[in-house]
Amino acid sequence: MKKPIWFLLVCLCTQLVTAQKYISGIIYEVSERQTNIPLPGANVYWLNTEIGTITNTDGEFKIPYPKKYTQLIVSYVGFKTDTIQITEATEIKHWLLPESSLDAIVLQKRKQTAFRSLLQAQNVTMISSAELLKAACCNLAESFETNPSIDVNFPDALTGTRQIRMLGLTSPYTLITLENIPAVRGASQIYGLSFVPGTWVESIQISKGAGSVVNGYESIAGQINAELQKPATDENFFLNAYAGNDGRFELNNHLNFKLNEKWYTGLYLHGNLRDSKMENNDDGFLDMPLAKQLNVMNRWQYMDAKKGFVGFLNVRYLRDEKQIGQVDFNPDTDKFTANSWGGKINTQRAEASLKLGYVFPEIPYQSLGVQMSYSDHRQDAYFGFNVYDIHHKSLYTNLFFSSIIGDSRHNFKTGISISYDDYEELVIETAYNRTENSIGGFFEYSYDNLGDLNVNLGMRVDHHNRIGTFVTPRIHARYTPWEKAALKASFGRGVRTPSIFAENQQFFSSSRSISIRDSGGNFYGLDAEDAWNYGVSFLQGFRIFNREADITFDFYRTDFVNQIVVDWEDPQQVVFYNLDGTSFANSFQTEVNLSPAERVDVRISYRLFDVQTDYLSGRQQKPLTPKHRFFINAGYESRIKENGSHWKFDATYNWLSAQRFPATFTNPEAFRLSENTPHLNTVNAQITKVFSSKFEIYVGGENITNVRQNNPIVSADNPFGPYFDTTFVYGPIFGSMYYTGLRWKF
Amino acid sequence: MKKIVLIVVVIIFGMQVHAQESNARATIEVDGVCLMCKERIEKAAIKTKGVKSAVWNVETHMLSLIYDERKTSLPLIHESVAAAGHDTKEIIAPEKAYENLHACCKYRDASVVNEH
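Everything numeric here is computed off the predicted structure, so don't read it as measured data.

Notes on the overall build of chain A
Here's step 1: Looking only at helices and strands, chain A has four helices and 43 strands in total.
Here's step 2: Its C-alpha atoms give chain A a radius of gyration of 29 Å, within 12% of the compact-globule value 27 Å for 746 residues.
Here's step 3: Once the C-alpha set of chain A is aligned to its principal axes, its extents read approximately 115 × 65 × 50 Å.
Here's step 4: Counting over 746 residues, chain A shows a buried share of 41%.
Here's step 5: At a minimum sequence separation of 6, the contacts of chain A that also span at least 24 residues come to 60%.

Here's what the structure looks like:
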């Protein structure tokens, strides 16, 4: 009986001895705005020992307290390291002071406004908000003017809408997401980018080559993701007013509030108006449409760092009206008559989206995410006698889980996506209705050997009610052969369902007859588009003029297994049919970024495109796609004074080689165009005077050398005749355009 | 009485086992001087079985670790990092390992440290 009791007592005693005392506390940072900002990730350790810990997301820490140690060190980069004398196990509350000497270092190494990632496996270029301020950038479609990876063109002479192109392929082949939720697609394919005001955009990421499996199966040429401003980090008040001599006025207003420690909300308002008729090339048609738009967004942001939750809720509403056509067109009296040719495009769009993220508190590499989005897009439009109405309802859900396998070198992301799209279209006199739904699962494994290799292997399996079951694999790799270099390769498949009318609305503004060669497929009698994209990219950083610079070489090829060929080689018609043969796009780009002098940045780029398709009439180069493009952008920022005032100058020069016109030789001579367009030079420039961090004014010009396409509209004097066509656009319609604006924030 | 003693002993041992975390966090000081050192230090730490995450800060010289206490321990991690050529507070790197480092990484040399 005695033995077990002794044994028990010994065990209890050892428990008491090993039961350690702990010391706990919270570390804060000293800041002008608030008094109690916790400092996560701060190092807390006993002097000359390796007994230490780091503060959690709430700034809290708990560290063993062996009585013999008395000096507790608290440190964090950018703050003065402190030593606290400890004599007993009391609760610690300590504030760290920012190290003012660190400011000097920050000023000397200016952050590039747009940069390519050296480390990521994918070929991503990031455009920051500072870069977006360099051009007029009234909306997302106009935010690529200073970046050579995205081309912008006008698909028609009337609506003034810009369409983007990546790797030589038009925007439907690029997945455009807003905060990683697919956004510009289906009914909003053509105008969707112009429905996102420029000031709402926080940053843009451009990924070349088949994107990640996490965002779906639709990306073929690449992915463009725009991050919107977030209520917690955006200004409390922001106002931007803009006026251009093309009669366009814009107003942007952001209002952000902090409701409590966890909730933030923001109200984003945008309005634009062009109500003066501009006609400068004597063809009787408005050079730019009469337009008005009201765009409102309310964002809610929830952050509970202690529990690991982050959430965003967005609600958006948009109303946009455009009037196009002849100057004397009156919608009330001339609609559907032969008095005058004109059209109206009225759009209403409502959207709600929710994003929730949960990071496991003790395991920062493990997280759960949910994305949900619903949109209702309604467009009622007519172009002369051609009616085109579309009502597109869309629901998207994505659930994913991310963690490591063994250690942080092996990461994986897996999840399920469900999508639903309902289309109701009226095309001239025919109704096309369809419902699409798909469910899919994905798995992406990522290996990072913390040195020279980073590989992403992704696989998706989806079941679509109109395509069946299919897989879309995506592979990306980055290898660092030597210092400051990155060799990237990507390979992947993309599948997309075509909305042939919504994506080619420019043909309604012509006398062409529109027809489909029905092959019994599930999309207007045609099949889904399917392509493989592969490419390599090499980036090398180097030093020149005693500053950082880099040079990049990209080559990508997109091969279509099926493509909806838009055949407008016959000037009297446009025919849609499934590809029978080969269609490919080869794109080669080289880009140099350097800084020849203090606060001067220069970007130079050359691109070569070879885009060919097998039409019924044989293999042809894709029409209106320049083979060579040269781009140079230069920016200078003057020294920033004490009160924050300085000047910013920016200029861009673009040269496009000749483009092939689609065939017009069957037209009577008066309505024939030459085989090729002339080459083009355009210049844009902007000057900004920043008075302080709160106020700035800018003045700029687009197409300063006044380059204009003569007679962009064929048969403009007889728009109801058989040769009327507004789709032969290769260059600017409106000559030089000057604008001014102000930005005020606090 | 024997049964009660047995139960209590089992509970005490149970508590001992429970005290080992699968996601233990610790910070140790490791000497190094550049981004190449960062890569080497993190790689050495993470290659140690049981280490899940290792992030080394160039400025503070602190290596933040998340590791499984049941599979490894801090002394073992110190050994791995030192074997790669980087001194830690507890263990000095063996001469051979230090000599093998790239010239710009020789953190024991004051002139090399100044260049960074």
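A few points about the overall build of chain B
Here's step 1: Counting secondary structure elements, chain B contains five helices and three strands.
Here's step 2: Within chain B, the proportion of its 116 residues that are buried is 33%.

Some points on the packing of helix α2 (residues 35-47) of chain B against helix α3 (residues 74-83) of chain B
Residue and element names in this part refer to chain B.
Here's step 1: Contact geometry of α2 with α3 gives a least axis separation of 8 Å together with a crossing angle of 140°. Judged by the inter-axis angle, α2 sits oblique to α3. For the pair α2 and α3, the crossing hand works out as right-handed. In contact with I41, A44, A45 and K47 of α2, α3 contributes I77, S80, V81 and A83.

A short note on α3 of chain B
In an α-helix there are 3.6 residues to a turn, and that puts residues three or four apart on one side.
Residue and element names in this part refer to chain B.
Here's step 1: Within α3, the full set of buried residues consists of I77, H78, S80, V81 and A82.
Here's step 2: Looking at the packing, one finds that the buried side of α3 touches β1 (24-29), α2, β2 (51-56) and β3 (62-67).
Here's step 3: Among the residues trailing α3, G85 stands out with phi positive, at a value near 115°.

Considering the environment of N578 of chain A
All names here are of chain A.
Here's step 1: Of note, N578 is situated in strand β35 (residues 573-578).
Here's step 2: What makes N578 buried here is the crowd of 20 C-beta atoms within 10 Å.
Here's step 3: In sequence terms N578 and F695 are 117 residues apart; their C-alpha atoms lie 54 Å from each other.
Here's step 4: Apart from the residues lying within four places of it in its own chain, the contact partners of N578 are S519, G521, L526, D527, N562 and I564.

With respect to the sheet that holds β35 of chain A
Residue and element names in this part refer to chain A.
Here's step 1: Taking strand neighbours across the sheet as the criterion, the three strands line up as β31-β35-β34 in an open arrangement whose pairing is mixed. Here the strands that pair on one side only, and so sit at the sheet edges, are β31 (513-516) and β34 (564-567). This sheet shows a mean twist of 15° between the axes of neighbouring strands, independent of strand direction.
Here's step 2: As paired elements, β34 and β35 share four bridges and run antiparallel to each other. Within the sheet, the bridge partner assigned to V566 lies in β35 and is F576.

Quick look at the confidence of the model for chain B
Detailed reading of the predicted coordinates is not advisable wherever pLDDT is low.
Here's step 1: Overall, the predicted model of chain B reaches an average pLDDT of 83, with 90% of residues at or above 70.
Here's step 2: Here the prediction assigns the complex a pTM of 0.81, and the interface score ipTM is 0.72.

A short note on the interface of chain A and chain B
Here's step 1: At the junction of the two partners, chain A supplies 22 residues and chain B supplies 27 residues.
Here's step 2: Those elements that place two or more of their residues in the side of chain A that touches chain B are α1 (2-18), β3 (43-46), β4 (52-54) and β26 (407-427) of chain A.
Here's step 3: Counting residues per element, the side of chain A that touches chain B draws most heavily on α1 of chain A, which supplies four residues.
Here's step 4: Residue composition of the side of chain A that touches chain B, grouped by class: eleven nonpolar, seven polar and four charged.

Some remarks on the pairing of strand β18 (residues 237-244) of chain A
Two faces belong to every sheet, and in a regular strand the side chains alternate between them.
All names here are of chain A.
Here's step 1: Across seven bridges, the pairing between β18 and strand β19 (residues 248-258) is antiparallel. Opposite Y242, over in β19, you have E250 as the bridge partner.
Here's step 2: Counted along the chain from β18 to the antiparallel partner β19, the turn is three residues long, and its residue G247 has a positive phi close to 85°.
Here's step 3: Note: β18 against strand β43 (residues 737-745), seven bridges, orientation antiparallel. Across the sheet, residue A243 finds its bridge partner in β43, namely T740.

About the criteria used
- Residues numbered from 1 in each chain as written.
- Chains lettered and ligands numbered in written order.
- Predicted model: local features only at pLDDT ≥ 70, side-chain atom pairs only at ≥ 80, totals over all residues.
- Helix = DSSP H or I, 4+ residues; strand = E, 2+ residues; numbered from the N terminus.
- Rg over C-alpha atoms; globule rule 2.2 N^0.38 Å.
- Buried ≥ 20, exposed ≤ 12 C-beta atoms within 10 Å, placed from the backbone.
- Contact = placed C-beta atoms within 7 Å.
- Axes fitted to C-alpha atoms, helices over the stretch in contact; angles between N-to-C directions.
- Parallel < 35°, antiparallel > 145°, perpendicular 65-115°, else oblique.
- Left-handed = near helix turned anticlockwise from the far one by under 90°.
- Pairing = 2+ DSSP bridges.
- pLDDT = per-residue confidence, 0-100.
- Nonpolar A, V, L, I, M, F, W, Y, C, P; charged D, E, K, R; others polar.

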